[in-house]
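The chain contents come next:
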Amino acid sequence: MPSQREQEDSTKEPRPICDIPIRTLDIEKNVLDLSNIATPCRVRLVDCDALIKRDTLRIVEFSEFPDVRYSAISYPWRGVGVDDQFSSHTFAVLGATDADPVGSRALLHACTASLLRGCPYLWLDRLCIMQNDRVDKNWQIRIMHKIYQSCRLCLVLAGGVRRLVRLDEETSWIHRSWTLQEVLAPPTVVVLIDWKLGSGTSMSGGTALAVEEVITGESAIAPLSSVLEACTVGTFSFTPNPLPTNGSAPPSPKPLTVEASIFSAHPTTHTYNDLPFWQPQRKLLAPNVTALAIAMDPALISDPDTRAYAVWQSALMRTSSRPVDMVFSIMGLFGVTLDPGAFDKDDRRGATIALAQAILSAGGSASWLALGCRLEPDRTLSTFPTFPRTSVSGVALVENREHVQEVSELVDPVYPVAEALVPLPKGSLDDMGYFSFSARAVRIRPVRYDFAPSVFEAMDGSHWAVLEHRDQPSAESSEGKETPETDLSAYAVLLGWFNRYYPGTTSATDTDNIRAMLVEEHRPGMFHVRSFFMLHQKERSYVLGWPESRFRVGGPDVADSSSSLHDISRDELVQDYSERDTPWPRVPNSRPIVTVEDAMIRQARWAVPQRTLERLGFEKADQSHA
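From a predicted model like this one, the values you see are computed outputs, not experimental measurements.

Considering the overall build of the chain
When helices and strands are counted, the chain shows 15 helices and 25 strands. Looking at the chain residue by residue over its 626 residues, the buried ones come to 55%. When the accessible area of the chain is evaluated, it comes to approximately 27,800 Å², of which 49% is carbon and sulfur surface.

Here's what the structure looks like:
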């Protein structure tokens, strides 16, 4: 008879719940159904060895959180499409038939990459969560951060789980809400791509990083950091490993400049004056790409405010089928666990307040301030920008007065630097969303001109003059008092110093680094954010002389439960990319002013699409770069 210890150990062993030939599954009649074989609130993993050697989908279930080496997949629920020539086997999962089907070949590549890095198991939400069981789903959401934090490797399948994509194929991965946590929590993150150029090295931040072939002539993995940087500047510098020779030393291959758009945003303005005239160009230094790059940059995230700000900003530019998931998908990154069952699927605002309260209660700062200075503040939670519309696919969009724009078009690729000026404020947040805090501030009044040196222009185009020192009462002095509406005050509240992000360099033209918040009093002692100020570096000493004041900022409207943000179809909206890249100066008989971004754009226009390099082969590619 087994001892008690042996019985306890046996319960920790994984229990196989699925062991079927993968090609018996399909997308119609024989879909994968875990409802009758799995136990809710358990962690499940895919056996990589069984899939590779036996072409069998074997899923095991653990009674406790597994202490085994496993990898986890990050991917968009709906990925890239396929053409008529796509013939690989795919299958669907009960409860997730609205998503793209799972490609058995893509799953094979993922399992092979997992074993290559010493992980015998694989976690994929589609196969490891009971998709039609609400109890299991809510439990899995609560531990999602732990699942990714505990994995040894995260594999990014940017195009989805139906097929792998090349570096020069644009995907929706950067726009999906859950993918943010999925790559910030794990210790190691790589991108699994369709790749026929073999193994080699890529350059990222001056460091050579390995590109490892997974299945010869078909796929490879590259560090996410190098792929992100490549998409930030538009080019992926790849040097293939030397080809074997008969005894003699192999010649050193020349680096290839590969087009990188797997995480890119919409196209930039392109004219026939910009060489090469045949090559369209993606937007470089896109805020949604740079925000994630900042959050992963080891040189920047030593400051917790910098990483937290980048997380909030990155989440702002993403979207999901359920608005509330925009909060659940990042709560673990702040060390917070909210109960998914306590919020309606559309209650993004309520979940945001709960997350912000938890962060402040733990001693954190209001790292969400000034996320998007060109976005209008939310009317009921004005320390946050307007919440974008969410959808199961597409991008995060906001409705302006006359048109709809992508959120990333209105966000600047910046990050706070506390040591350069002041840290972001700390304080408390009440259930109505009012943030109480102290900060350096100066009282201001609206004017119709901007000629005087003490007049500032806000981001909304309004102009404000600083009142004389004798007219500077404390912001809290009017709290609780009856004040005529004409006497309600306005303040410029100092937030801090923000740098613009450029990979591996600092722009000399980045001079408006100081951010201040324009708040107006709508009731005695109660303020709301109206807009923001961007002040020049030379104002540093001046703003440090502003007196400390205490504020209560939120509102100005009261939240109405009937006005929750619902899903919106992409077809209902018409985007307007009215704010494009500023073209280079074309003054006759003068040389254009070339900025850091200009130089990146020029280099990116000569990048070669990956499919072209693969068609030409190594020898011709080397000759063309000689």
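Comments concerning the pairing of strand β8 (residues 153-156)
Burial of β8 is two-sided: the residues Leu153 and Leu155 facing one way and the residues Cys154 and Val156 facing the other way are all buried. Here β8 pairs with strand β9 (residues 189-194) via 3 bridges, running parallel. When the sheet's bridge partners are listed, Leu155 is paired in β9 with Val190.

Let's talk about the pattern of salt bridges
Enumeration over the complete set of coordinates arrives at 26 salt bridges. Residue Glu61 pairs with Arg44 through a salt bridge whose shortest N-O separation is 2.9 Å. Separated by 17 residues along the polypeptide, Glu61 in strand β3 (residues 56-62) and Arg44 in strand β2 (residues 43-47) bring together distant segments of the chain. An identical accessibility class is assigned to Glu61 and Arg44; each is buried. Where Arg44 meets Asp136, a salt bridge forms, and the shortest distance between an N and an O atom there is 3.2 Å.

Focus: the environment of Asp431
Examined against the element boundaries, Asp431 turns out to sit in the loop between β18 (427-429) and β19 (435-447). Residue classification places Asp431 among the exposed positions, given a relative accessible area of 65%. With 78 residues separating them in the primary sequence, Asp431 and Ile353 have C-alpha atoms 7.0 Å apart. Residues in contact with Asp431, not counting those within four places in the same chain, are Ile353 and Gln357. A distance of 2.9 Å separates polar atoms of two side chains, one belonging to Asp431 and the other to Gln357.

Regarding empty space enclosed by the protein
Inspection of the entire model under this criterion finds 7 cavities of 30 Å³ or more. Put simply, the largest cavity is a space of about 120 Å³. Around the largest cavity sit Trp312, Ala315, Leu316, Met326, Val327, Ile330, Arg348, Thr352, Leu371, Phe384, Pro385 and Phe387, which together line it. For the lining of the largest cavity, the elements supplying multiple residues, two or more each, are α10 (304-316), α11 (325-331) and α12 (348-361).

Things to note about unusual backbone geometry
In this structure, Pro556 follows Gly555 across a cis peptide bond, with omega equal to 5°. One can find Pro556 in the loop between β25 (548-553) and α14 (596-604). Phi angles above zero are rare outside glycine, and Cys41 is one such case at about 65°. Within the secondary structure, Cys41 is located in the loop between β1 (15-21) and β2. Using a relative accessible area of 28% as the deciding quantity, one classes Cys41 as partly exposed.

Observations regarding the nonpolar core
Leu57, Leu127, Phe236 and Phe263 are the most contacted members of the largest nonpolar core, which totals 177 residues. Looking at this core element by element, the count peaks at 8 residues for strand β22 (residues 490-500). Apart from the residues lying within four places of it in its own chain, the contact partners of Phe263 are Val156, Ala158, Thr171, Trp173, Ile174, Val191, Leu224, Val227, Leu228, Cys231 and Val289.

Each value, and the rule that gives it
Residues numbered from 1 in each chain as written. Predicted model: local features only at pLDDT ≥ 70, side-chain atom pairs only at ≥ 80, totals over all residues. Heavy atoms only, no water. Helix = DSSP H or I, 4+ residues; strand = E, 2+ residues; numbered from the N terminus. Buried < 20%, exposed > 50% of the residue type's maximum accessible area, 1.4 Å probe, protein only. Areas by Shrake-Rupley, 256 points an atom, 1.4 Å probe, with all protein chains shown as cover. Pairing = 2+ DSSP bridges. Salt bridge = Lys/Arg side-chain N within 4 Å of Asp/Glu carboxyl O. Contact = heavy atoms within 4.5 Å. Polar contact = N/O pair within 3.5 Å; in protein donor to acceptor, adjacent residues only side chain to side chain. 1 Å grid on protein atoms, 1.4 Å probe; cavity = no way out; pocket = protein on both sides within 12 Å on 5 of 7 lines; lining within 4 Å. Points joined across faces, edges and corners; volume = space filled by probe spheres on them. Core = buried A, V, L, I, M, F, W, Y, C linked by side-chain atoms within 4.5 Å.

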